[in-house]
Amino acid sequence: ILHAGLLDGYDFEGKEVVVIDAFRATSVIVEGLHNGAKSIIPVESVEEAMSIKAENPEVVLGGERDGILIEGFDLDNSPLNYLPEKIKSRDIVLTTTNGTRTLKGVVGASAVYLGAFLNASAVARRVSNANGLVLVCSGSENTVSLEDSVCAGAIIYSLESQVSIKWTDTAYMLKSLFSDNRDNLGEFLSEGEHYRELVAHGFEKDVQFCLQLNKRSVVPCYDGTTVKR
Ligand code: MLT
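Residues numbered from 1 in each chain as written. Predicted model: local features only at pLDDT ≥ 70, side-chain atom pairs only at ≥ 80, totals over all residues. Heavy atoms only, no water.

Novice: Got a sec to walk through a negative patch on the surface? Specific residues and values, please.
Specialist: Taken together, the side chains of D66, E141, E193 and E197 present a region of like negative charge at the surface. Along the chain, the position of E193 falls in helix α9 (residues 193-200). Overall, E193 belongs to the exposed group, its relative accessible area being 63%. (Patch = residues over 30% accessible without salt bridge, like charges linked within 9 Å, V, L, I, M, F, W, Y side chains within 5 Å. Areas by Shrake-Rupley, 256 points an atom, 1.4 Å probe, with all protein chains shown as cover. Salt bridge = Lys/Arg side-chain N within 4 Å of Asp/Glu carboxyl O. Lys, Arg positive; Asp, Glu negative; His and termini not counted. Charge placed at Lys NZ, Arg CZ, Asp CG, Glu CD. Helix = DSSP H or I, 4+ residues; strand = E, 2+ residues; numbered from the N terminus. Buried < 20%, exposed > 50% of the residue type's maximum accessible area, 1.4 Å probe, protein only.)

Right under this line is the structure:
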């Protein structure tokens, strides 16, 4: 059975989980680790991030509120800004509206990976038991989002070529959503609310970047406190 969906009080005990927030939190984390960050520490509030920085001035603060840079932070939530010269060998404390909160909500899982379009096939290769896998789409403000659903579909699509899977209906729907649109992902996703919001904020380059399929091989793993490769 392969599940995919929003959190909703799900029991993660002993399950292998992939958390997805393709626009942009999990793409930022993939890119940050690809570019040499030591770790990413997800936190829920700006205050928590600030207090970690007060005790450890060498950490980099990243994230967004309302899509933009938080006052006093070093980096916003644009994957294009997580460049080696800014983050290599550094710990990044990250707080975003949906992605980091979703991640912190996954408790008791046997393994938690972070997925994006950037690393969809790498994530699929890392999964050890596809039939027990839970894919968690962060969505936006507790609703389903088009891009996370299609990204889950991309991971399922990659899994399919490796193992024989007993689909749930949700997994089958998401895989179809991806495979029906894989040749024009940008055009299909441009109808999405979050895509349009990011473009309106001037982040079109970010969404184009996040849409690159299988560009990275890094698979971020969350141990309940910290994300590392
Ligand atoms: C989030 O975690 O809510 C998103 O990454 C927001 C964003 O696009 O920056």
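There is more to say, and it comes next.
Novice: Outline the pattern of salt bridges, listing residues and values.
Specialist: Pairs may arise between side chains of opposite charge once their charged atoms sit close together. Tallying each qualifying case throughout the model produces five salt bridges. As a salt-bridge pair, R216 and E31 come within 2.9 Å of each other at their nearest N and O atoms. Here E31 lies in helix α1 (residues 25-34) and R216 lies in the loop between α10 (204-210) and β8 (221-222), a separation of 185 residues in the sequence. E160 is the salt-bridge partner of K175, the closest N and O atoms lying 3.0 Å from each other. In this pair, K175 is assigned in helix α7 (residues 169-181) and E160 in helix α6 (residues 146-160), connecting sequence segments 15 residues apart.

Novice: Describe the site of the ligand, listing the residues and the values that go with them.
Specialist: Surrounding the ligand, one finds D21, F23, R24, A25, E64, N77, T96, T97, N98, G99, H194 and L198. One nitrogen or oxygen atom from the side chain of R24 is found 2.7 Å from an oxygen atom belonging to the ligand. Side-chain polar atom of H194 to an oxygen atom of the ligand: 3.0 Å apart, as the coordinates give it. Burial of the ligand by the surrounding chains reaches 97%, relative to a free accessible area of 270 Å². Tallied by class, residues from the shell around the ligand come to three nonpolar, six polar and three charged. (Near = heavy atom within 4 Å. Polar contact = N/O pair within 3.5 Å; in protein donor to acceptor, adjacent residues only side chain to side chain. Nonpolar A, V, L, I, M, F, W, Y, C, P; charged D, E, K, R; others polar.)

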